[in-house]
Amino acid sequence: VYHHLGRLKEESGDFDEAISYHTSSVELKEQEGDTMGLATSNHQLGNLALQRGEFEEAIDFYITALQQEKEIGDRQGLARTGAQLGLAYRETGQIEKALLNLVKAYQLLQKLRSPLASEVLGKVEEIQDLVTADVFNKILRQASLSTSVQ
């Protein structure tokens, strides 16, 4: 319930209330042992932090959500959260980490045949010119060796 109330507050632009509801959701999901619910709420808290320009906080929430999604094998969640993590890294100027996470997310979304894959590819294309071709090729090699976003 708290998660849904948080989403409603987000949509109405009341970010402080949304954070409060999502935080309550995290506390409840921890008590219940609901890892999927925790991952979802942490992802949303990351989105809120990203929207507020709190990029390091967003990164922390996304990393937590990724760990939880990995634990339960939520590949769709891993891809979505990995893409968001890439965007947060981009905002902090960590372009190589941004590209690595976006490329991994894109690859996973492609495997899942998700329509989001093209959107994530667009983000990769937007920032790939910020690194040299050698660095980008290194990132592509790293992404193909790894199966999870980080």
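Below: a short report on this structure. Please read all numbers here as calculations on a predicted model, not as lab measurements.

## Some points on the pattern of salt bridges
Step number 1: Within this structure, the stated rule accounts for eight salt bridges.
Step number 2: With its nearest N and O atoms 3.6 Å apart, the salt bridge here joins Glu 126 to Arg 90. Placement of the pair is Glu 126 in helix H7 (residues 116-127) and Arg 90 in helix H5 (residues 75-91), with a sequence separation of 36 residues.
Step number 3: For Arg 90, a relative accessible area of 23% gives the class partly exposed.

## With respect to the nonpolar core
Step number 1: Counting residues in hydrophobic clusters, the biggest one holds 31 residues, and the most contacted among them are Leu 99, Leu 102 and Val 120.
Step number 2: Looking at this core, the elements that each hand over two or more residues are helix H3 (35-51), helix H4 (55-72), H5, helix H6 (95-111), H7 and helix H8 (133-145).

## A word on H4
Step number 1: Taking 1.5 Å per residue, 18 residues should reach 26 Å; H4 reaches 26 Å between its end C-alpha atoms and fits that length.
Step number 2: Among the residues making up H4, those that are buried are Ala 58, Ile 59, Phe 61, Tyr 62, Ala 65, Leu 66, Gln 68 and Glu 69.
Step number 3: Next to the buried residues of H4 lie H3 and H5.
Step number 4: Phi turns positive one or two residues past the end of H4, at Gly 73, with a value near 75°.

## Details of a nonpolar patch on the surface
Step number 1: Taken together, the side chains of Val 1, Tyr 2, Leu 5, Leu 8 and Leu 28 make up a nonpolar region of the molecular surface, amounting to roughly 460 Å² of accessible area.
Step number 2: At three residues, helix H1 (residues 2-11) tops the list of elements feeding residues into the nonpolar patch.
Step number 3: With respect to the helices, strands and loops of the structure, Leu 8 is situated in helix H1.
Step number 4: Look at Leu 8 and you get exposed, because its relative accessible area is 53%.

## Let's talk about the packing of H3 against H5
Step number 1: Following both chains from N to C, one finds H3 and H5 inclined at 25°, their axes separated by 11 Å at the closest point. Classed by the angle they form, the pair H3 and H5 counts as roughly parallel. The handedness of the crossing between H3 and H5 comes out as left-handed. Together, His 43, Asn 47 and Leu 50 of H3 and Arg 80, Thr 81, Gln 84, Ala 88 and Glu 91 of H5 make up the contact between the two elements.
Step number 2: Tallied by class, residues from the contact of H3 with H5 come to two nonpolar, four polar and two charged.

Conventions and cut-offs
- Residues numbered from 1 in each chain as written.
- Predicted model: local features only at pLDDT ≥ 70, side-chain atom pairs only at ≥ 80, totals over all residues.
- Heavy atoms only, no water.
- Salt bridge = Lys/Arg side-chain N within 4 Å of Asp/Glu carboxyl O.
- Helix = DSSP H or I, 4+ residues; strand = E, 2+ residues; numbered from the N terminus.
- Buried < 20%, exposed > 50% of the residue type's maximum accessible area, 1.4 Å probe, protein only.
- Core = buried A, V, L, I, M, F, W, Y, C linked by side-chain atoms within 4.5 Å.
- Expected span 1.5 Å × (residues − 1).
- Contact = heavy atoms within 4.5 Å.
- Patch = residues over 30% accessible without salt bridge, like charges linked within 9 Å, V, L, I, M, F, W, Y side chains within 5 Å.
- Areas by Shrake-Rupley, 256 points an atom, 1.4 Å probe, with all protein chains shown as cover.
- Axes fitted to C-alpha atoms, helices over the stretch in contact; angles between N-to-C directions.
- Parallel < 35°, antiparallel > 145°, perpendicular 65-115°, else oblique.
- Left-handed = near helix turned anticlockwise from the far one by under 90°.
- Nonpolar A, V, L, I, M, F, W, Y, C, P; charged D, E, K, R; others polar.

Note that every value here comes from positions in space, so none of it alone points to a role or purpose.
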